[in-house]
Structure formats: C-alpha cells, structure tokens
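The chain contents come next:
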Amino acid sequence: MTSVEVNVLYPPKVLSITPENTTLIEGYILTFNCSYDANPAPNVTWGQNMSSIDTSDPNFNIVTEETYSLLEVTFANINYGGVYECSIDNGIPPSDGSETVNIIVQVAPGPVFHLDAPSNDITSDSITLTWTLGFDGNADITGVNITYIATSNFASPHSGFEMV
C-alpha cells in the first residue's frame, strides 16, 4: 500500500480580530487577538495609525503562533488610541490578510477656559457663569459640577469645577 501526503498551499485569510472597535480608560491593558488561516504559515505585521508597531516600545508585546497573533498594549494612554491593523502574508495570492479596529482611549478632561461672570448677570441671589470647555478627554461630558464656598461675608469666594 502506498500513501501520498498532499500539502495544499493557500493564501492567508484573517478570521477575526478582537476586540472590535472599543473605548477604554487610560491605564488599562489592551490585548488584541488576530486569528487567521493560511498554509504556509504567514508573516504577521501589526500596525497603528498606518505605521508599523515599534517593537522596541516596552508598552507593546507581540506573540505570534501558528493560527493567531496577540498584540498587548501594557499601559494604554492617549498616544495608543487609533486604528490598529493586523496584516498577514504568506506569498500566495490573492491575500485577504488584513483587518483593522479602532481604539479610543479616554483620559481626564482638560480644564475649562475663559471662565467669566458677566457683571450684568450677577444678582443678590444668583450668578451666571460662562466658560469654554477644554479637551474633552475623548468622552462625552454630560455636566459640570460647580462648588461655591464662601470663606467669609467680606472675603472673595472660592469656587471649584469638576467635569463629569
């Protein structure tokens, strides 16, 4: 009896990349999983915002196996947001070897600007404040907490702002 082993070569195909488009808070760890099918095994390249990942960056760890590649961002900050791409190629055309995901990293919002209390909007029991919001931290700002603390009846008041 004779047996023949046949090795069928075929182009790479990305099966999935997870997580899908997502938003996370600064400081979290983010792990991408790019699973694929190809024969022979492909070369895997990870990119961020149309540039190759800098593998010397200590915040990036890449592990590639026969059917998947993992990219770990060990400390996500605003610089690590953007479009991530998993590209695979094994030299056999046509290649369907690329998928992207968009990551938004939320950070603390910036301070307010141009805080003003127009004199015509001040009465004995109310005041109207106006301001311009600073950087929103990549999040929807749903309100602003204003705290008023009178230090005495004759001294200037102290106030504070908190974005929520």
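Criteria and thresholds
Residues numbered from 1 in each chain as written. Predicted model: local features only at pLDDT ≥ 70, side-chain atom pairs only at ≥ 80, totals over all residues. Heavy atoms only, no water. Helix = DSSP H or I, 4+ residues; strand = E, 2+ residues; numbered from the N terminus. Contact = heavy atoms within 4.5 Å. Buried < 20%, exposed > 50% of the residue type's maximum accessible area, 1.4 Å probe, protein only.

Asks: How would you summarise the side chain of Asn59 if you had to cite specific residues and measurements?
Replies: You can see Asn59 is positioned in the loop between strand S5 (51-52) and strand S6 (60-64). For Asn59, the contacting residues outside a window of four places in its chain are Glu72, Val73, Thr74, Phe75 and Tyr80.

Asks: Tell me about unusual backbone geometry, and please be specific about residues and values.
Replies: For the bond running from Thr18 to Pro19, omega is -5°, close enough to zero to count as cis. Positionally, Pro19 belongs in the loop between strand S1 (10-18) and strand S2 (22-25). Pro94 follows Pro93 through a cis peptide bond whose omega is -10°. Within the secondary structure, Pro94 sits in the loop between strand S8 (82-89) and strand S9 (98-106). Although it is not a glycine, Asn49 sits at a positive phi angle of roughly 55°. The topology assignment puts Asn49 in the loop between strand S4 (43-48) and S5. The exposure class assigned to Asn49 is partly exposed, which follows from its relative accessible area of 41%. Even without glycine at this site, Met50 takes up a positive phi of about 70°. Locating Met50 in the fold gives a position in the loop between S4 and S5.

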